[in-house]
Amino acid sequence: MLKIAIQKSGRLYDHSLQLLKECGIELNNGNRQLKAFALDFPLEAYFLRDDDIPQYVFDNVADIGIVGENVLLEKNKDVEVVSKLGFGRCRLSIAVPKNMAYSGPKDLQGLKIATSYAILLQKYLDENNVKAEIHEISGSVEIAPGIGLADAICDLVSSGSTLFTNGLKEVEVILKSEAVLVANRNLDAEKTKILDNLLLRVNAVKAAKNNKYIMMNAPNSQLKNICSLLPGMKSPTIVPLAETGWSSIQSVVKESDFWQVIEKLKSFEAEGILIVPIEKMIL
Ligand code: ATP
Ligand code: ZN
């Protein structure tokens, strides 16, 4: 049995359960208990505050956990990051009142900065040879300048709308973060095997999200050009069409390259291009 720590409520909760579900692992957590068992995978989930997850994984109370890189780096526990999960994206940024003149980190000298990330902020200030006073608070950091508690803040930002409504502007990004799967470094053989099995599924789900399946028809004279654009998992599949001189080509393209590839395919006379989502992709 492998024990996983998941945030009990908050921004990572839904995505974490969704990821497990896409891996075929359904957690029976109807009443939001502290613990839940998976139905058809040797996994037991503990629902905890995200701040406690690095410590619990380090102490082997849980074997693995899902947590933001921001929390992981702030807590500075020696656990292994086994997969980046692609959700919970945010940045840890310094923001100042929007009317304050700001031209670089030196303008933070002597200011009082409110944050829940004292360790990461101190590291940033040291790296930039800035001396500022860190005022550590645990929540609602964004209101600190407005109520006279601090001159600036260092907090998590995603869209920036919270900063905007509080009359602040983002001036430095000190960390970019996403949710990661972490593991204790001393798992026994049985747990390692279960984790490998889970990772195979997680990677299949991630790869499927990052790729699309593409099908098209093209004249045989263009096959070479088209194949050079489409590496596929091994190489593209080519099937002759009933109409002589034409083929159907099928392959996998990266979501990130997608539109660029489509433009080039069109210039190579590809027609009837179909793009379909991939459910799982085992490499
Ligand atoms: P807990 O009660 O578990 O301590 P919390 O209030 O500290 O919860 P949440 O606000 O639920 O935490 O955020 C959890 C994680 O989600 C953050 O640590 C971060 O990794 C990620 N995240 C993504 N976008 C944002 C954002 N805009 N603001 C805050 N966190 C974000
Ligand atoms: Zn927290």
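Owing to the predicted nature of the structure, the values given are computational and were not obtained by experimental measurement.

1. A look at the pattern of salt bridges
All chains considered together, the criterion is met by 11 salt bridges. The salt bridge involving E178 is made with R89; its shortest N-O contact spans 3.3 Å. Note that E178 is positioned in the loop between β10 (168-177) and β11 (179-183) and R89 in the loop between β5 (80-84) and β6 (90-97), a separation of 89 residues in sequence. Owing to a relative accessible area of 11%, E178 belongs among the buried residues under this scheme. Between K212 and E255 there is a salt bridge, with its nearest N and O atoms 3.5 Å apart. Here K212, found in strand β12 (residues 211-219), pairs with E255, found in the loop between β14 (246-254) and α8 (258-267); they are 43 residues apart in sequence, far enough to count as distant. Here E255 falls in the partly exposed class, since its relative accessible area comes to 37%.

2. Brief notes about the domain arrangement of the protein
Assigned domains within the protein: domain 1 (2-88 + 178-208), domain 2 (90-177) and domain 3 (211-277). On a C-alpha basis, the centres of domain 2 and domain 3 stand 48 Å from each other.

3. Quick look at the sheet that holds β6
The strands that make up a sheet pair up through hydrogen bonds in the backbone, lying either parallel or antiparallel. Taken together, the 5 strands give an open sheet; going across it, the order is β8-β7-β9-β6-β10, and neighbouring strands pair in mixed fashion. Since the sheet does not close on itself, it has two edges, and those belong to β8 (133-136) and β10, each with one partner. Across this sheet, the average inter-strand angle for adjacent strands is 25°, counted without regard to direction. Relative to β10, β6 is paired through 8 bridges, and the arrangement is antiparallel.

4. Overview of the site of ligand 1
Every one of the 15 residues lining ligand 1 counts as a neighbour, but R11, D50, D51, N70 and S158 are closest to it. D51 is positioned such that a nitrogen or oxygen atom in its side chain is 2.7 Å from an oxygen atom of ligand 1. Residue S158 places a side-chain N or O atom 2.7 Å away from a nitrogen atom belonging to ligand 1. Burial of ligand 1 by the protein amounts to 78% of the accessible area it has alone, namely 630 Å². By residue class, the composition of the shell around ligand 1 is 4 nonpolar, 6 polar and 5 charged. Both domain 1 (2-88 + 178-208) and domain 2 (90-177) contribute no fewer than three residues apiece to the shell around ligand 1.

5. Examining the coordination of the zinc ion (ligand 2)
Listed as protein donors to the zinc ion (ligand 2) are D50 (OD) and D51 (OD); their distances from the metal cover 2.0 to 2.1 Å. One can describe the site at the zinc ion (ligand 2) as irregular: its 4 donor atoms subtend angles covering 73 to 174° at the metal. By relative accessible area, which is 18% here, D50 ends up buried. Accessibility expressed as a relative area gives 25% for D51, which makes it partly exposed.

6. Comments concerning helix α4 (residues 118-127)
A118, L120, L121, Y124 and L125 are the residues of α4 that are buried. End-on, the buried residues of α4 take up no more than an arc of 165°, which puts them together on one face. α4 presents K123 and E127 as exposed residues on the side facing more than 90 degrees away from its buried surface. The secondary structure elements touched by the buried residues of α4 are α3 (69-75), β6, β7 (112-115), β8, β9 (152-157) and β10. Where α4 ends, the next residue or the one after it, N129, has phi of about 50°, a positive value.

7. Looking at the environment of F87
Note on placement: F87 falls in the loop between β5 and β6. The exposure class assigned to F87 is buried, which follows from its relative accessible area of 10%. Residues F87 and W246 lie 159 residues apart in sequence; the distance between their C-alpha atoms is 42 Å. Those residues in contact with F87, other than ones at most four positions away along the chain, are L12, H15, S16, L19, I66, E178 and A179.

Rules used throughout
- Residues numbered from 1 in each chain as written.
- Chains lettered and ligands numbered in written order.
- Predicted model: local features only at pLDDT ≥ 70, side-chain atom pairs only at ≥ 80, totals over all residues.
- Heavy atoms only, no water.
- Salt bridge = Lys/Arg side-chain N within 4 Å of Asp/Glu carboxyl O.
- Helix = DSSP H or I, 4+ residues; strand = E, 2+ residues; numbered from the N terminus.
- Buried < 20%, exposed > 50% of the residue type's maximum accessible area, 1.4 Å probe, protein only.
- Domains from an automatic or database assignment.
- Pairing = 2+ DSSP bridges.
- Axes fitted to C-alpha atoms, helices over the stretch in contact; angles between N-to-C directions.
- Near = heavy atom within 4 Å.
- Polar contact = N/O pair within 3.5 Å; in protein donor to acceptor, adjacent residues only side chain to side chain.
- Areas by Shrake-Rupley, 256 points an atom, 1.4 Å probe, with all protein chains shown as cover.
- Nonpolar A, V, L, I, M, F, W, Y, C, P; charged D, E, K, R; others polar.
- Donors = N, O, S within 2.8 Å, 3.2 Å for Na, K, Ca; no water.
- Tetrahedral: all angles 85-135°; square planar, octahedral: opposite > 155°, others 65-115°.
- Arc of directions from axis to C-beta.
- Contact = heavy atoms within 4.5 Å.

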